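Coordinate inspection notes
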Amino acid sequence: MPVHEITHPLVKHKLGILRQQSLSTRSFRQVTAELAALLTYEATSDLALEDYQVQTWAGPAPAQRIKGKKVTVVPILRAGIGMLDGVLELIPSARVSVVGVYRNEETLQPVAYFEKLAHGLNERLALVVDPMLATGGSMLATIEMLKKAGCKQIRALVLVAAPEGVRRVEQEHPDVTIYTAGVDQGLNEDGYIVPGLGDAGDKIFGTK
Ligand SMILES: O=P(O)(O)OC[C@H]1O[C@H](OP(=O)(O)OP(=O)(O)O)[C@H](O)[C@@H]1O
Ligand SMILES: O=c1cc[nH]c(=O)[nH]1
Ligand SMILES: [Mg+2]
């Protein structure tokens, strides 16, 4: 199932807040980080566990820990930075692989301009974070970058997805699961998601 729309009440509640046109920059950032943490919770719900013994105040007791899975978080510049802290709150030891991709405003084609990936990607789960999956071009460019570097397990965490972008990821990378707070109606003539969030990068950085 390549797209996983999260229906948890907290997620839907926070997504509604994020859509409010009058939301301040500060609150937009805060809620973006909270949603990123909730998406991370869902996207890691099937990680394998192993048993071990922990020394407690009452002597040894059985416990469980995540089995050998290393994680890299991959924020797509710029807007993905807004989700980074939310992911790291739950997985503080994750390595961060920063990818710079913007989409040309006229052609809507992705332009890759930065790549600094963590080592050992072939044994890491990559959690790619970007608030918006619109045409899917930026996500596809990032997935291709990661696969070229040897990454074998990739999950995409996006706050809002357009059906057009979901379809492209499903068709071209059926092994990549998308976790999202909402799949919206579609794209307008400028390639913006409707109703979406507007320009997520500008809202997070307060640049408009
Ligand atoms: O699915 P797509 O059609 O590729 O569109 C989605 C991309 O567009 C936005 O970034 P933008 O290019 O505005 O860059 P920014 O984050 O630097 O503002 C958004 O954060 C995604 O990366
Ligand atoms: O709706 C959209 C589409 C691309 N980028 C955004 O920030 N918003
Ligand atoms: Mg932008």
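Rules behind the numbers
- Residues numbered from 1 in each chain as written.
- Chains lettered and ligands numbered in written order.
- Predicted model: local features only at pLDDT ≥ 70, side-chain atom pairs only at ≥ 80, totals over all residues.
- Helix = DSSP H or I, 4+ residues; strand = E, 2+ residues; numbered from the N terminus.
- Rg over C-alpha atoms; globule rule 2.2 N^0.38 Å.
- Buried ≥ 20, exposed ≤ 12 C-beta atoms within 10 Å, placed from the backbone.
- Near = placed C-beta within 6 Å.
- Nonpolar A, V, L, I, M, F, W, Y, C, P; charged D, E, K, R; others polar.
- Core = buried A, V, L, I, M, F, W, Y, C linked by C-beta atoms within 7 Å.
- Contact = placed C-beta atoms within 7 Å.
- UniProt positions renumbered as here; feature names shortened; annotations may be inferred.

A few words on the overall build of the protein chain. Scanning the protein chain for helices and strands turns up six helices and 13 strands. A compact globule built from 208 residues would reach a C-alpha radius of gyration of about 17 Å, and the protein chain, at 18 Å, matches this within 12%. Burial statistics for the protein chain: of 208 residues in total, 37% are counted as buried.

Further remarks concern the site of ligand 2. As a matter of local geometry, ligand 2 sits amid M132, A134, Y192, I193, G196, D199, A200 and G201. Of the residues assigned to the shell around ligand 2, the class counts are five nonpolar, two polar and one charged.

Further remarks concern the nonpolar core. Core analysis: the biggest nonpolar cluster contains 53 residues, and L127, V128, L133, A156, L157 and I178 have the highest contact counts within it. Contacts of L157, omitting those with residues within four sequence positions, involve A36, L39, T40, A43, M83, L127, V128, V129 and Y179.

The next subject is the UniProt feature "binding site: uracil" (unreviewed entry) in the protein chain. Here the UniProt-annotated "binding site: uracil" (unreviewed entry) positions come out as I193, G198, D199 and A200. With respect to the element layout, D199 can be found in the loop between β13 (193–194) and α6 (200–205). One can find A200 in helix α6. Residue classification places A200 among the buried positions, given that 25 C-beta atoms sit within 10 Å. Once residues lying within four places of it in the same chain are set aside, the contact partners of A200 are A79, P131 and M132.

A word on the site of ligand 1. Contacts to ligand 1 come from 22 residues, most closely from A79, A134, T135, S138 and G201. Of all elements in the fold, only β4 (70–77), β6 (98–103), β9 (132–133), α4 (137–148) and α6 reach the threshold of two or more residues within the shell around ligand 1. Counting residues per element, the shell around ligand 1 draws most heavily on α4, which supplies three residues. Along the lines of polarity and charge, the residues of the shell around ligand 1 split into twelve nonpolar, seven polar and three charged.

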